[in-house]
Amino acid sequence: MAEQISRRTFIKAGVAVGAAVAAGTYFEWQGNNIPAAVQKGTALYDVLIIGSGGAGMRAALEAAKDKNIKVAIMTKLIPTRSATTMAQGGMNGCTGVTDSKDTPESHAFDTVKGGDYLCDQDAVEYFAENAGKIIYEMDYYGYPYHRQEDGSFHQRKMGGSSHARAAYYADESGLATVHTLFEQCLEQNVEMISECQMLEIVVKDEKLSGVIAVDMRSGNIVSVPAKTVIVATGGYGRAYWIRTTNPYSSTGDGIAACLNIGVPFKDPEMVQFHPTGLAINGVLLSESSRSEGAYLLNKNGERFMKKYAPDKMELATRDIVARSIETEISEGRGIGEGLNAAVYLDFRHIPKEIIKERLGQVYDLSLRFEGVDITEKPVPIRCSCHYSMGGIDVIDYKTCATKVPGVFAAGECSCVSIHGANRLGANSLSEVLMFGKTAGIGAPAYAKKVGYVGDKEALNAALAKWNKTFEEVTARTSGPRVVELRDKMAASMWFKAGVYREENQLQEGLKEIDDLIKEYKICYVGDASRNYNTAFMNYIELGNLLLVSKAIIMGAIARKESRGGHSRKDFPKRDDKNFLKHTIISKVGDEFKTEYRDVVITKFKPAERTY
Amino acid sequence: MMKYALFPGCVLEGAAKEAYMATKKVAVALGIELVEIPNWTCCGASHAQGVDELALIAINARNMAIAEGMGLPIMTVCNTCTLELRQAKAKLDSDKNLKAKVNEILAKSGYEYKGTSEITHLLWVLASNPNVFEGKITKPLKGVKVAGYYGCHLLRPPKVMNYEDGKNPESLEKIISILGATPVEFDFKLKCCGFHAFFTAERDVMTVTGEAVDSAAKAGADMMVTPCPLCQMQLDMYQPEGRAAVKSKVEIPVLHLPQLIGLAMGMSKEDMGINRHISAVEKIK
Amino acid sequence: MAITLNIHRTVADKKWVQEYKVELKKGMTILEALNEIKAMQDPTLSFTASCRSSICGACAVRVNGNAELACEVLVEDLVKRYKSETLTVEPLGNFKVLRDLIVDWDPKFDRMKKIKPSLHPKKEFSPEKGCKQSIADFKKYDEYAGCILCGACVSECNKSTVDEKDFLDPFTFVKAAKLVLDSRSRDPKEHLQAVIDAGLWKCMKCQECTANCPKGLKPAEAIEKLHEATFKLGLTSSVGANHAKALYDDIYNTGRLDESKLSIQSEGLVAAALRAPFAMRLMKTGKLDPFEKVPVNPEINKIRDILKNAKEAE
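Residues numbered from 1 in each chain as written. Chains lettered and ligands numbered in written order. Predicted model: local features only at pLDDT ≥ 70, side-chain atom pairs only at ≥ 80, totals over all residues. Heavy atoms only, no water.

(A) Quick peek at the environment of A45 of chain B. Counting through the fold element by element, A45 of chain B comes out in the loop between β2 (32-36) and α3 (53-70). Take A45 of chain B: its relative accessible area is 12%, and that puts it in the buried class. For the pair A45 of chain B and T82 of chain B, spaced 37 residues apart in sequence, the C-alpha separation works out to 9.9 Å. Aside from chain neighbours lying at most four places away, what touches A45 of chain B is T80, E84 and H196 of chain B together with L247 of chain C. (Helix = DSSP H or I, 4+ residues; strand = E, 2+ residues; numbered from the N terminus. Buried < 20%, exposed > 50% of the residue type's maximum accessible area, 1.4 Å probe, protein only. Contact = heavy atoms within 4.5 Å.)

Written as structure tokens, this is what we have:
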């Protein structure tokens, strides 16, 4: 026994075992991860925010400014674990402090052009007009901006931007965003409903009743009545499982919940693939690898970019490089197999000092995960799903409202749409802050005007249904395992709806996902405990990802053109005549239907996207 | 022959005179020449740093500058002195601006810090040169079970105290084995004795002191040995209060590293100043 | 090579140690080993993880007694470090365990609220125009903004292990140092006084926090910077501050610390008198000689100049 327990803690752990078994009081202990009123089901929120990333916390801070508004953030982890922490480059916004020639119009144009003209230009203009203000506000909140000589924050120029307009903290801009907001939430005493996985938004006859969630700690299913809900649950990169740079938590929970209440999923096929993920696990190797001059080589040691972009070579845009890599692999010039097939990223010609100084993180990650010292050997890389441009269909960019009254959405889970078919670097942090704030104004205003229109009976019914579901699915003793289905889903999505898409493959993929949805109904969870059941959480997440995956494929099948992140081998050209439109996918019962809505064009006439 | 500029530190000149005595005798016997750094000052003991960090970096830069003038590497016998000197050196050597600023301050008093003298500790010198013991262990400590207690500041922070992996160090056990004794593994060997919070968190300090001693005793150690005179003082002088705090019954002697070496080289208990300790001195034969 | 992981399990009111074996693969982190166990062997094993690139702080656990970010540390490296193909994985120390490797952050966040954890900007700043700050002032606190709240620093903290009721977590000291050192703060004392009240001087200086921080942030140094700030801002009426000042003054007066006077200088005459039994014991063995005068360093004037000039240089 002593050998099994670490040297330092042997005695303490020994004592703890005895104490815990004797007392056995876990469930009597009242955690404060959830307010008592929520445990009892008696809380009624004016604004209930789902998700604690940049958008969720920014929304909460805005809503909490009115002390008469009761607001809370529900999160499945704890508030600082979100995907927002992973953003590196900065937050775009025109302020002119570093580059006095910058204008909101320039920011808007760069965004629209970057988005391959699938953005709603009225929303983009609103975004570009206000993004600068967000940067100043964050300064006042305590954001640790890098400074310039005049004492102002410094802004740097990101790929696809015509001016220096990204304010930042090191290469950890997202981390600083999250922690600055969290500090404010702590000090303002914003209520947290922490470690609580949303299961359903309850809407009956277009009337919002509230949210059903599972308190991870106790396993209790709770119902939380709310006048408004702001969905801020982030992206869905995990549909591609290991071939994504996203965190484990990016499972499209909010999008799935919205699909189930009749809110459409807009432009689901618009997925951004980053060209340089580590082959082994999809972890991102920063864009700076290529900007510092690393070569891309196939298995024959050829710099294959000369075939695809002879002028720009490795410095071509993300989508072009991503497609070139996949072509090399599919034509047999890659190394390895399956999801981990790869090409090489070669740094050997770059002086060691430069690597140590400017590519420290790239060096560390390559060494850690691939066991490759990049000063000596090239590292295997492959594309990795990076960002979801599509999302919950927001129909009013000035409030972040969706089609269902009282339900709002902000951040990566939403589609306003400002990113269109492709997102620009450093626009995501600005988006979460800007539209988090917008939703944080829109939702309370609605709550005040309309009040609670929900139906407690509907909530109770949903609560009972989920209790039954929990018992039923966790009691199963056999069936396909959650991880098995998850891996099959990832393979289908990567090979049938990945960087390149074509009709036959997409149709096959659709059938595979449909089969998985059937298998999901009988799958094996493997843990029946109510206490912090992460196996059940993963089961819920897989269900959400399957819905999202189906929508991605349906959107991809319907969009018979290539635009931004969506590349059809069989339709390699952009087709403005037929597809200058948003894909709108809705779920009716178990069926999905596809419709279109025209893109809003104001100032910028669609033109060919060249850099 | 190995030769070092010795930085004894305040405690060796005061409460732990016996450690100074033992260090000098053992060094001579092992053929290590020690020359005391003339007019050295206190390293700040990790407390004065909290008043004015820059001042203490400069004070330690002065200590190092004197040793540089002697053309010798510095050897210390106290963990905290080692940490404070190495910490100052690490900061000065990695930050050109700081080095320039400090040298400007030093220049006014006639010193210059160059960064040419390495800083090491008696334990590290011995662990790296086990050959010095050859033929010298005339009274091996056969059958004696010794709990080696490292003390925090010889292991952490790891970037500055990087002689060995601070999460699984082995140097002390190596020396204990060379001396013919048996090293004893115990839960608290890498934990803190509490010395530095003595005035501010006394109850907690007595608890950790007691736990460390109790842990060694429970693991069957006949005695403890430590390379740090501050740990030694805490574990020995405050052992009665420490044991009371954790209700431990077994009293156990705590030796300075050079004392244990001296005993194994045939030197007497008195030569090593063990009579200046208070805990279970009679158990040392 | 097969690796054995002995994982400390807690589910509801049961606690036990469970042995798992995994095949060591290239680049396998502790998190990947845990993922593989959960996927292939035991879906009930619970832990949290999110970004798997050392930035979200969700996956810190304790391996063989030391806190690690599971997504970052390689199994292979730990096998080498501990010279053993068996590793013990536990939840972080100094946290309440919720299940298996998952710990409770709520009490930590509650305590964090005590320091007024957000920037209170100076009057001349506004949300519309932001703040101003020199590059040099930014550099005074910027590294502390890199804290990911993983909890690794408190896991092995010796002071917290004995009693955390009167002592903040190291990461909270880091946050406090960030706010106190930020030139945008209207009054750093607002945060600093709260930190002093919450145990600033009780740190044992064991450096475990710095040794275990996966981001290299040095919380122990943050505590030292806060100590320094108490002197700069004149909040020094405490035993800890007196003790630090006594040592500093000793260097100024003689170049060396004077053990016989230290207790009186630090605690005052009355408290020092209560230490008489200790002192008697020290005197009996010859460890403390109240009549011995510490010799004054022959270069004392140069030493004093260094202290004075350093103070002026700041």
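(B) Spatial organisation of the domain arrangement of chain A. All names here are of chain A. In terms of domain boundaries, chain A breaks down into domain 1 (274-385) and domain 2 (457-598). Relative placement of domain 1 and domain 2: their C-alpha centres are 30 Å apart. Contacts between domain 1 and domain 2 engage 11 residues on the former and eight residues on the latter. Between domain 1 and domain 2, roughly 760 Å² of surface is buried when both sides are summed, and carbon and sulfur atoms account for 68% of that area. Looking only at domain 1, the three residues that lose the most surface to domain 2 are R323, E326 and L339, adding up to 57% of its buried area. The interface formed by domain 1 and domain 2 contains zero salt bridges. Scanning the region where domain 1 abuts domain 2 turns up two residue pairs in polar contact (both at pLDDT 80 or more). The element best represented in the side of domain 1 that touches domain 2 is helix α10 (residues 318-330), accounting for six residues. Partitioning the side of domain 1 that touches domain 2 into residue classes produces three nonpolar, four polar and four charged. (Domains from an automatic or database assignment. Buried area = accessible area lost by both parts, 1.4 Å probe. Salt bridge = Lys/Arg side-chain N within 4 Å of Asp/Glu carboxyl O. Polar contact = N/O pair within 3.5 Å; in protein donor to acceptor, adjacent residues only side chain to side chain. Nonpolar A, V, L, I, M, F, W, Y, C, P; charged D, E, K, R; others polar.)

(C) Molecular detail of the interface of chain C and chain B. Contacts between the two partners involve 67 residues from chain C, matched on the other side by 71 residues from chain B. With both sides pooled, the region where chain C packs onto chain B buries about 5,900 Å², and carbon together with sulfur makes up 58% of that total. Inspection of the region where chain C meets chain B yields eight salt bridges. Where E170 of chain B meets K83 of chain C, a salt bridge forms, and the shortest distance between an N and an O atom there is 3.3 Å. Taken together, chain C and chain B are joined by 23 residue pairs in polar contact (both at pLDDT 80 or more). Here the element with the most residues in the side of chain C that touches chain B is helix α15 (residues 300-313) of chain C; it accounts for nine residues. Looking at the side of chain C that touches chain B residue by residue, the classes come out as 24 nonpolar, 17 polar and 26 charged.

(D) Focus on the nonpolar core. One finds M224 and I261 of chain B together with I30 of chain C to be the most contacted residues of the largest nonpolar core, which totals 287 residues. The dominant element in this core, judged by the number of residues it contributes, is α3 of chain B, at 11 residues. If we skip the residues at most four places from it in the chain, I261 of chain B touches V26, L30, L126, F133, I175 and L179 of chain B. Formed by 117 residues, the second largest nonpolar core is a distinct cluster that contains L48, F369, V473 and L546 of chain A. (Core = buried A, V, L, I, M, F, W, Y, C linked by side-chain atoms within 4.5 Å.)

(E) Quick look at the sheet that holds strand β10 (residues 265-266) of chain A. All names here are of chain A. Spatial strand order, β17-β15-β10-β20-β21: five strands in an open sheet with mixed pairing. Among the strands making up the open sheet, the edge pair consists of β17 (414-415) and β21 (591-598). Sheet strands in contact with helix α17 (residues 534-558) are β10, β20 (581-588) and β21, and its direction is about 50° off that of β21. (Pairing = 2+ DSSP bridges. Axes fitted to C-alpha atoms, helices over the stretch in contact; angles between N-to-C directions.)

(F) Spatial organisation of the interface of chain A and chain C. If you look at the interface, chain A gives 81 residues, while chain C gives 87 residues. For the pair chain A and chain C, the summed buried surface comes to about 6,700 Å²; carbon and sulfur atoms form 54% of the total. Counting the contacts that link chain A with chain C gives nine salt bridges. K26 of chain C is the partner of E370 of chain A in a salt bridge, and the nearest nitrogen-oxygen pair spans 3.5 Å. When its residues are assigned to classes, the side of chain A that touches chain C shows 34 nonpolar, 28 polar and 19 charged.

(G) Seen up close, the confidence of the model for chain A. Per-residue confidence for chain A averages 92 on the pLDDT scale, and 95% of its residues sit at or above 70. Taken together, the stretch residues 1-29 of chain A has pLDDT below 50 and engages in 54 contacts with residues farther than four places along the chain or on a different chain. (pLDDT = per-residue confidence, 0-100.)

(H) Quick look at the packing of helix α7 (residues 170-181) of chain C against helix α8 (residues 189-197) of chain C. All names here are of chain C. Relative orientation of the contacting elements α7 and α8 amounts to 150°, with a least axis distance of 9 Å. Viewed along their axes, α7 and α8 adopt a mutual orientation that is roughly antiparallel. Crossing handedness for the pair α7 and α8: left-handed. Taking contact as the criterion, the partners of F173, A176, L179 and V180 in α7 are, on α8, H191, L192 and V195. Across the contact of α7 with α8, the residue classes tally to six nonpolar, one polar and no charged. (Parallel < 35°, antiparallel > 145°, perpendicular 65-115°, else oblique. Left-handed = near helix turned anticlockwise from the far one by under 90°.)

(I) Quick peek at empty space enclosed by the protein. As enumerated under the stated definition, the model contains 11 cavities of 30 Å³ or more in all. Taken as a whole, the largest cavity holds about 190 Å³ of empty space. Taken together, 18 residues line the largest cavity, and the ones lying closest to its centre are R81 of chain A together with T48, A58, V103 and W105 of chain C. Of all the secondary structure elements, the ones that give two or more residues to the lining of the largest cavity are β3 (60-63) and β7 (102-103) of chain C. Class assignment of the residues belonging to the lining of the largest cavity gives a composition of 14 nonpolar, two polar and two charged. (1 Å grid on protein atoms, 1.4 Å probe; cavity = no way out; pocket = protein on both sides within 12 Å on 5 of 7 lines; lining within 4 Å. Points joined across faces, edges and corners; volume = space filled by probe spheres on them.)

(J) Region of the structure containing the packing of aromatic side chains. For the coordinates displayed, the defined rule picks out 29 aromatic pairs over all chains. On the basis of an interplanar angle of 90° and a centroid distance of 5.4 Å, the ring pair of F198 of chain B and F199 of chain B is categorised as edge-to-face. Side by side, F198 of chain B and F199 of chain B carry an identical accessibility label, which is buried. Taken together, the ring pairs in this structure connect F182 of chain A together with F95, W105, F109 and F171 of chain C into an aromatic cluster. Residue placement shows R238 of chain A over the ring face of W241 of chain A; its charged tip is 4.7 Å from the ring centre. (Phe/Tyr/Trp six-rings, centres within 6.5 Å; stacked < 30°, edge-to-face > 60°. Lys NZ or Arg CZ within 6 Å of the ring centre and 35° of its normal.)

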